[in-house]
Amino acid sequence: MNALLAEQTQQLQLLVEAVAQLRAEISSAKKEANQAVSETASEVYVQMSDWALKSSGATIDLQRTSETYDCKENWGCRVLWFFRTANPPDTILQPDVSPENCWPLQGHEGQVVIRLPARVHLTAVTVQHISKEASPSGTVISAPRDIAVFGVDADGEEETLLGTFMYDVAEEAIQTFPLKNAPLPRAFLYIKLLVKSNWGNPAYTCIYRVQVHGKMAKPESLN
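Quantities reported herein were computed from a predicted structural model and do not represent experimental measurements.

**Student:** What is the right way to read the state of the cysteines from this model?
**Tutor:** Note on terminology: a disulfide is the covalent bond linking the sulfur atoms of two cysteines. Under the definition given, this model contains one disulfide. Residue pairing for Cys 102: its cysteine sulfur links by disulfide to Cys 206, the two sulfurs lying 2.4 Å apart. Here the residue Cys 102 occupies a position in the loop between α2 (75-81) and β2 (103-106), and Cys 206 occupies one in strand β8 (residues 204-207), the gap between them amounting to 104 residues. Taking relative accessible area as the criterion, Cys 206 reaches 4% and is therefore assigned buried.

Shown next as C-alpha cells:
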C-alpha cells in the first residue's frame with residue numbers, strides 16, 4: 001500500500017511540474033504573439049474606424065447572444081485551461097488578442113449581437129483569430145468558418161442581411177470583409193454576427209476580436 005501511494009504521489013508531482021512548465025511556455029508564447037499581432041494591426045488598420053470597441057461604448061446584447069462554453073464538466077479541458085473561468089462575450093470588443101484570450105461560444109455555431117455606441121452606416125467587418133503558430137494547442141479548429149452579418153433594429157424584430165463570408169484559417173489572422181452595397185444607406189445601432197460553422201471543434205468556437213467599420217449617421221438620419 002505504501003509503495004503504491006508513493007508511486008501515485010510521484011506521478012502527481014510529475015504532472016504538476018509538467019503543467020507548470022506548460023504554463024510558462026504558454027505565457028511566453030502569448031507575449032510574443034500579442035506583440036506581433038499588435039504591430040501588424042497598428043500598421044494595417046490604423047486608418048479604419050472601429051465601432052465595436054468596448055472602450056468607445058460598444059456593448060454585447062446578452063439576451064440575443066449565444067451561451068458561453070462551460071468547461072467545468074470536461075476534465076481534460078480543465079487541465080488545459082488551468083481551472084480558469086471562461087472569458088465573457090465582450091472579450092471580442094477589446095484589442096487584447098493574445099492566445100486563449102477569446103470568447104468561446106457553445107458549440108460549432110452560434111451568434112453574438114453587438115450594440116454600437118452610435119448608429120452607423122456600415123461598410124465592413126473584421127474578424128480575428130490567432131494563427132496556428134501562435135496557438136498553444138498547435139491547431140485553430142475552434143476558429144469560426146462560415147459567417148453571416150446582419151444589421152438589427154433596436155427591438156430585434158427586423159434583421160437585414162449585410163453579407164456572408166468565410167474566415168479562412170489559411171490566410172492572415174486578421175481578415176476584413178466588405179459588406180454588400182456599402183456604405184449602406186440605412187444606419188444600424190445593432191449588428192449580429194452569426195457563426196454557421198467552425199473548422200472542426202464540436203464543443204466550442206473561439207472568437208478573438210470583431211471590428212465593425214463604417215461612418216456614423218448624421219443627426220437628421222437617426223430617426
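**Student:** Looking at this structure, how should I read the environment of Phe 188?
**Tutor:** Within the fold, Phe 188 resides in strand β7 (residues 188-195). What makes Phe 188 buried here is its relative accessible area of 3%. Phe 188 sits 35 residues away from Asp 153 along the chain, and the two C-alpha atoms are 6.7 Å apart. Discounting chain neighbours no more than four positions away, the residues touching Phe 188 are Leu 116, Ala 118, Arg 119, Val 120, Leu 122, Gly 151, Val 152, Thr 160 and Leu 162.

**Student:** Any chance you could explain unusual backbone geometry here in plain terms?
**Tutor:** Negative phi is the rule for most residues except glycine; trans is the rule for most peptide bonds. At Glu 100, a residue that is not glycine, the phi angle is positive and equals roughly 80°. Its location among the elements puts Glu 100 in the loop between α2 and β2.

**Student:** Whenever I open this one, empty space enclosed by the protein confuses me. Can you help?
**Tutor:** Regions of empty space are outlined by a rolling probe, equal in size to a water molecule, passed over the atoms. Applying the stated rule across the entire model yields two cavities of 30 Å³ or more. Considered as a void within the structure, the second largest cavity measures approximately 30 Å³ in volume. If you go around the second largest cavity, the residues you meet are Val 112, Ile 114, Val 125, Ile 191, Lys 192, Leu 193, Val 210 and Val 212. Broken down by secondary-structure element, the contributors of at least two residues to the lining of the second largest cavity are β3 (110-128), β7 and β9 (209-216). For the lining of the second largest cavity, the per-class residue count stands at seven nonpolar, no polar and one charged.

**Student:** Is there a simple way to think about the confidence of the model for the protein in this case?
**Tutor:** Where the model shows low pLDDT, its predicted coordinates should not be examined in detail. Here the protein averages 82 in pLDDT, while 71% of its residues score no lower than 70. This stretch, residues 37-46, has a pLDDT under 50; its non-local contacts, to residues over four places away or in other chains, come to eight contacts.

**Student:** Looking at this structure, how should I read the pairing of strand β5 (residues 159-166)?
**Tutor:** Remember that side chains alternate between the two faces of the sheet whenever the strand is regular. Of the strand pairs in this sheet, strand β4 (residues 146-152) and β5 are connected by seven bridges, and their pairing is antiparallel. Bridging from a neighbouring strand, Asp 146 pairs with Met 166 of β5. Counting the residues that bridge the hairpin from β4 to β5 gives six residues, and of these Gly 156 lies at a positive phi of roughly 80°.

**Student:** Quick question: what am I supposed to make of the nonpolar core here?
**Tutor:** As a rule of thumb, soluble globular proteins bury nonpolar side chains together. Within the largest apolar cluster, 33 residues are counted, with the highest numbers of intra-cluster contacts made by Ile 92, Ile 114 and Leu 122. Those elements giving two or more residues to this core turn out to be β2, β3, β4, β5, β7 and β9. The biggest single contributor to this core is β3, with eight residues. Not counting the four nearest positions on each side in its chain, Ile 114 is found in contact with Ala 52, Ala 58, Thr 59, Ile 60, Ile 92, Leu 93, Leu 189, Tyr 190, Ile 191 and Val 210.

**Student:** Looking at this structure, how should I read the environment of Thr 68?
**Tutor:** By the element assignment, Thr 68 lies in the loop between β1 (59-60) and α2. Residues Thr 68 and Cys 206 lie 138 residues apart in sequence; the distance between their C-alpha atoms is 9.9 Å. Setting aside chain neighbours within four positions, we find Thr 68 in contact with Ala 86, Asn 87, Pro 89, Trp 103, Pro 104 and Gln 106. A distance of 2.8 Å separates polar atoms of two side chains, one belonging to Thr 68 and the other to Trp 103.

**Student:** Any chance you could explain the pairing of β3 here in plain terms?
**Tutor:** In terms of burial, β3 is largely enclosed, as 14 of its 19 residues are buried. In this sheet, β3 lies alongside β1 in antiparallel orientation, the contact comprising two bridges. Note that in β3 the partner of Ile 60 across the bridge is Ile 114. Examined bridge by bridge, β3 and β7 share seven bridges and lie antiparallel to one another. Counterpart to Ile 114 in the pairing with β7 is Ile 191.

Basis of the calculations
- Residues numbered from 1 in each chain as written.
- Predicted model: local features only at pLDDT ≥ 70, side-chain atom pairs only at ≥ 80, totals over all residues.
- Heavy atoms only, no water.
- Disulfide = S-S within 2.5 Å.
- Helix = DSSP H or I, 4+ residues; strand = E, 2+ residues; numbered from the N terminus.
- Buried < 20%, exposed > 50% of the residue type's maximum accessible area, 1.4 Å probe, protein only.
- Contact = heavy atoms within 4.5 Å.
- 1 Å grid on protein atoms, 1.4 Å probe; cavity = no way out; pocket = protein on both sides within 12 Å on 5 of 7 lines; lining within 4 Å.
- Points joined across faces, edges and corners; volume = space filled by probe spheres on them.
- Nonpolar A, V, L, I, M, F, W, Y, C, P; charged D, E, K, R; others polar.
- pLDDT = per-residue confidence, 0-100.
- Pairing = 2+ DSSP bridges.
- Core = buried A, V, L, I, M, F, W, Y, C linked by side-chain atoms within 4.5 Å.
- Polar contact = N/O pair within 3.5 Å; in protein donor to acceptor, adjacent residues only side chain to side chain.

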